[in-house]
Amino acid sequence: CVTGSTTGTATDPKFRLKLVFSNCIFPQLDELTRPGGQYEGYKVVVQGDNAGPHQDAEYLRYVRGECETRGWHWKPQAPQMPHTNVLDLSVFPAMSRRHIHRYRETNGLKVISENKIWSVAEKVWEDLPSCKIASGFVQANRIAKEVIKNKGSNSFLGTQGTVSVGIRKDFKNTDKGLA
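About the cut-offs
- Residues numbered from 1 in each chain as written.
- Predicted model: local features only at pLDDT ≥ 70, side-chain atom pairs only at ≥ 80, totals over all residues.
- Heavy atoms only, no water.
- Axes fitted to C-alpha atoms, helices over the stretch in contact; angles between N-to-C directions.
- Helix = DSSP H or I, 4+ residues; strand = E, 2+ residues; numbered from the N terminus.
- Parallel < 35°, antiparallel > 145°, perpendicular 65-115°, else oblique.
- Left-handed = near helix turned anticlockwise from the far one by under 90°.
- Contact = heavy atoms within 4.5 Å.
- Nonpolar A, V, L, I, M, F, W, Y, C, P; charged D, E, K, R; others polar.
- Buried < 20%, exposed > 50% of the residue type's maximum accessible area, 1.4 Å probe, protein only.
- Pairing = 2+ DSSP bridges.
- Right-handed = clockwise from strand over helix to strand, strands pointing away.
- Polar contact = N/O pair within 3.5 Å; in protein donor to acceptor, adjacent residues only side chain to side chain.
- 1 Å grid on protein atoms, 1.4 Å probe; cavity = no way out; pocket = protein on both sides within 12 Å on 5 of 7 lines; lining within 4 Å.
- Points joined across faces, edges and corners; volume = space filled by probe spheres on them.
- Salt bridge = Lys/Arg side-chain N within 4 Å of Asp/Glu carboxyl O.

### Quick word on the packing of helix α3 (residues 86-107) against helix α4 (residues 114-127)
Stage number 1. Interhelical geometry of α3 versus α4 gives an angle of 125 degrees and a closest axis separation of 9 Å. Relative to α4, the element α3 is oriented oblique. Judged by the twist between their axes, the crossing of α3 over α4 is right-handed. Between α3, through Val91, Met95, Arg98, His99, Arg102, Tyr103, Thr106 and Asn107, and α4, the contact on the second element is made entirely by Lys116, Ile117, Val120, Ala121, Lys123, Val124, Trp125 and Asp127.
Stage number 2. Among the residues forming the contact of α3 with α4, the class breakdown is 8 nonpolar, 3 polar and 5 charged.

Structure, rendered in structure tokens:
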């Protein structure tokens, strides 16, 4: 069970997002953006999607405070609107496709253990190009403009519930994002 900051009990343990941000996400982002780091000078944007754990008061205070201390941005996304949620819009579908491909490449159609599933997912995340994540931010911004233009309606979506916003036409993929 994922929570914002609740630890749970020995018989009902919880997965705390605050702990993940404290011990993993913020230290890794600090390393990437430090002087001499791979993304020195970049301004980090941390997003939450307003799911239950992301609304936990202690978790929100912590994440907002850490972002403010570092001069980074905290940007919550609209709940229940995957068209403006960067993770749902771009990152998770890209990871899912890559996970299936990598899994089948090494295991065929055999059932694999949870540990193997996790290790494949970690490798997919490590190999996910930053340009794919950057394109999700551009897509979300352009789609949000369409939502506003259409007064909250999603009538701009195609018959399959999709929309093209010209990312491939307007940008070139690079190792550090989009150009």
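Next comes the rest of the account.
### Quick word on the pairing of strand β3 (residues 45-48)
Stage number 1. Only one face of β3 is covered, namely the one carrying Val46 and Gly48; the face carrying Val45 and Gln47 has none of its residues buried.
Stage number 2. With 4 bridges joining them, β3 and strand β4 (residues 73-76) adopt parallel strand pairing. Bridged to Gln47 within β4 is Lys75.
Stage number 3. What joins β3 to β4 is helix α2 (residues 57-70), and the crossover it makes is right-handed.

### Regarding the side chain of Thr3
Stage number 1. For Thr3, the position within the fold is in strand β1 (residues 2-3).
Stage number 2. With relative accessibility at 12%, the residue Thr3 sits in the buried group.
Stage number 3. Among the polar contacts listed, one links the side chain of Thr3 to the backbone oxygen of Thr6, at a separation of 2.8 Å.
Stage number 4. Beyond its immediate sequence surroundings of up to four residues, Thr3 is in contact with Lys14, Phe15, Arg16, Leu17 and Pro53.

### Some thoughts on the layout of surface pockets
Stage number 1. By volume, the largest pocket amounts to about 2300 Å³.
Stage number 2. Lining the largest pocket are 44 residues, and of these Ile25, Leu29, Leu87, Trp125 and Ile133 sit closest to its centre.
Stage number 3. Estimated volume of the second largest pocket: approximately 450 Å³.
Stage number 4. Lining the second largest pocket are 19 residues, and of these Lys132, Ser135, Gln139, Ile167 and Arg168 sit closest to its centre.
Stage number 5. Those elements giving two or more residues to the lining of the second largest pocket turn out to be α3, α5 (130-149) and α6 (167-170).
Stage number 6. A total of 5 residues in the lining of the second largest pocket trace back to one element, the largest contributor, which is α3.
Stage number 7. When the residues that make up the lining of the second largest pocket are grouped by side-chain class, the tally is 9 nonpolar, 6 polar and 4 charged.

### Points about the pattern of salt bridges
Stage number 1. Within the structure shown, the criterion is met by 9 salt bridges.
Stage number 2. A salt bridge links Arg142 to Asp170; its shortest N-O distance comes to 2.7 Å. In this pair, Arg142 is assigned in helix α5 and Asp170 in helix α6, connecting sequence segments 28 residues apart.
Stage number 3. On the accessibility criterion, Arg142 (24% relative accessible area) is partly exposed.
Stage number 4. One salt-bridge network, in which partners are shared between bridges, spans Asp30, Glu66 and Arg70.

Function cannot be read off these values alone, since they describe shape.
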